[in-house]
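Architecture at a glance
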Amino acid sequence: MGNSALRAHVETAQKTGVFQLKDRGLTEFPSELQKLTSNLRTIDLSNNKIESLPPMIIGKFTVLKSLSLNNNKLTVLPEELCNLKKLEMLSLNNNHLRELPSTFGQLAALKTLSLSGNQLRALPPQLCSLRHLDVVDLSKNQIRSIPDIVGELQVIELNLNQNQISQISVKISCCPRLKVLRLEENCLELSMLPQSILSDSQICLLAVEGNLFEIKKLRELEGYDKYMERFTATKKKFA
C-alpha cells in the first residue's frame, strides 16, 4: 500500500488509539507506529504476511491492551513483546510459532490468549505464571500430552481441540478456576482421561467428542453424575 494511505491510518490512530490494517499484504510491522508507542491501545495487523516483530519497537507500546496478528507468518516472538505490561488480549492464530519467549510470564495483565493453528508441541509452562489469564486457545497445534504443571494454570477456559493428545496429567483436576475444558478430536483412550475431572474438579463443561472412545462409555464412568450436577447447575445459571 502507498505511503500516503499508511500515513492516513497513522494519523487516525493518533486520535483514536486504534491502529487496524488487515488484508494489505504487509510483509513487516509498520515502523511508522513507533511514533505512537505512548497512545495506541489496540493494534490489529491480521491477514498479512508479517514474518517477525521488531524487538526495538514492539515492547515500547506502554498502554497497549490488545494485539492481533492472526494469519501472518510469524515463526518466533521477541522477548521484548513481554514488556507490554498492560496487554490484556493477544491473538496470534494461524502463524508458525513453535514456542513462546521464556519471559512470556511477565505479561501480567494478560486475560485472553489465542494461539490456534500454530506448531506448538507442548503446553507452554510460562502460562502458569499468568494469574489473570481467563481464556487460552491452543487448538490445532501438535501437543501430545498435558504435563503435571497444568495444575498451576489459573484459566477458566482451556481449548485443546484438534491436537494429538493421548495423555493428560491427573493434576488438571487441581486447576482452581477451570470450568471449560475442550479436548475434541484428539487421540485419547477413555482409560487416559483422569476420572477426577468428573468426580473432583471445577470443570462443568467437558468436550471430548472425536477421540478414541464412544461418548456413551464416558457416561458409565464413576463420577459422571457429579460432573452432570455441575453441568446442570451452570446451565441453569445461564438459562
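Rules used throughout
Residues numbered from 1 in each chain as written. Predicted model: local features only at pLDDT ≥ 70, side-chain atom pairs only at ≥ 80, totals over all residues. Heavy atoms only, no water. Helix = DSSP H or I, 4+ residues; strand = E, 2+ residues; numbered from the N terminus. Pairing = 2+ DSSP bridges. Axes fitted to C-alpha atoms, helices over the stretch in contact; angles between N-to-C directions. Expected span 1.5 Å × (residues − 1). Buried < 20%, exposed > 50% of the residue type's maximum accessible area, 1.4 Å probe, protein only. Arc of directions from axis to C-beta. Phe/Tyr/Trp six-rings, centres within 6.5 Å; stacked < 30°, edge-to-face > 60°. Salt bridge = Lys/Arg side-chain N within 4 Å of Asp/Glu carboxyl O. Polar contact = N/O pair within 3.5 Å; in protein donor to acceptor, adjacent residues only side chain to side chain. Contact = heavy atoms within 4.5 Å.

Within the secondary structure, arginine 41 sits in the loop between β1 (18-20) and β2 (42-44). Between the C-alpha atoms of arginine 41 and leucine 87, which are 46 residues apart in sequence, the distance is 8.7 Å.

So, on to the sheet that holds strand β10 (residues 180-182). Read from one edge to the other, the open sheet built from 9 strands follows the order β1-β2-β3-β4-β5-β6-β8-β10-β11, with strand pairing classed as parallel. Of all the strands in the sheet, the pair left with one neighbour each is β1 and β11 (205-207). In this sheet, neighbouring strand axes are inclined to one another by 5° on average, regardless of whether the strands run parallel or antiparallel. By the bridge criterion, 3 bridges tie strand β3 (residues 66-68) to strand β4 (residues 89-91) in an arrangement that is parallel. Paired with leucine 67 across the bridge in β4 is leucine 90.

Its 15 residues place the ends of helix α5 (residues 224-238) 21 Å apart at the C-alpha level, agreeing with the 21 Å of an ideal helix rising 1.5 Å per residue. Along α5, the positions that sit buried rather than exposed are Tyr224, Tyr227 and Arg230. Down the axis of α5, the buried set is contained in an arc of 125°. They therefore lie on one face. Exposed positions of α5 whose direction lies more than 90 degrees from the buried face are Asp225, Glu229 and Lys236.

Quick look at the packing of aromatic side chains now. Tallied over the entire structure, the rule returns 3 aromatic pairs. Arranged with centres 6.2 Å apart and planes meeting at 65°, the rings of phenylalanine 29 and phenylalanine 61 form a pair that is edge-to-face. Placement of the pair is phenylalanine 29 in the loop between β1 and β2 and phenylalanine 61 in the loop between α2 (55-58) and β3, with a sequence separation of 32 residues. You'll find phenylalanine 29 and phenylalanine 61 in the same group, each marked buried. Seen in terms of ring centroids, tyrosine 224 and tyrosine 227 are 5.7 Å apart; in terms of plane orientation they differ by 55°. Their pairing is tilted.

Two side chains that carry opposite charge are able to pair once their charged atoms sit near each other. Under the definition given, this model contains 5 salt bridges. Of the charged contacts in the structure, one is a salt bridge between aspartate 44 and lysine 22, with a shortest N-O distance of 3.9 Å. Note that aspartate 44 is positioned in strand β2 and lysine 22 in the loop between β1 and β2, a separation of 22 residues in sequence. We classify lysine 22 as partly exposed; its relative accessible area is 35%.

Our focus in this paragraph is the side chain of asparagine 211. Here asparagine 211 shows up in the loop between β11 and α4 (215-218). Judged by its relative accessible area of 11%, asparagine 211 is buried. A polar contact of 3.4 Å, which involves the side chain of asparagine 211, links it to the backbone nitrogen of cysteine 187. There is a polar contact of 2.9 Å between the side chain of asparagine 211 and the backbone oxygen of valine 208. Filtering out sequence-adjacent residues up to four positions away, asparagine 211 remains in contact with Leu183, Glu184, Glu185, Asn186, Cys187 and Leu188.

Let's shift gears to helix α1 (residues 3-16). Taking 1.5 Å of rise per residue, the 14 residues of α1 would be expected to cover 20 Å, and the 20 Å separating its terminal C-alpha atoms lies within 8% of that figure. Buried residues of α1: Leu6, Val10 and Ala13, and no others. The buried residues of α1 occupy one face: seen down the axis, they fall within an arc of 60°. With respect to the buried face of α1, the exposed residues turned more than 90 degrees away are Ser4, Arg7 and Lys15. Each element contacted by the buried residues of α1 is listed here: β1. Positive backbone phi, at 80°, marks glycine 17, one or two positions downstream of α1.

Scope: geometric values only; no functional claims are made or implied.
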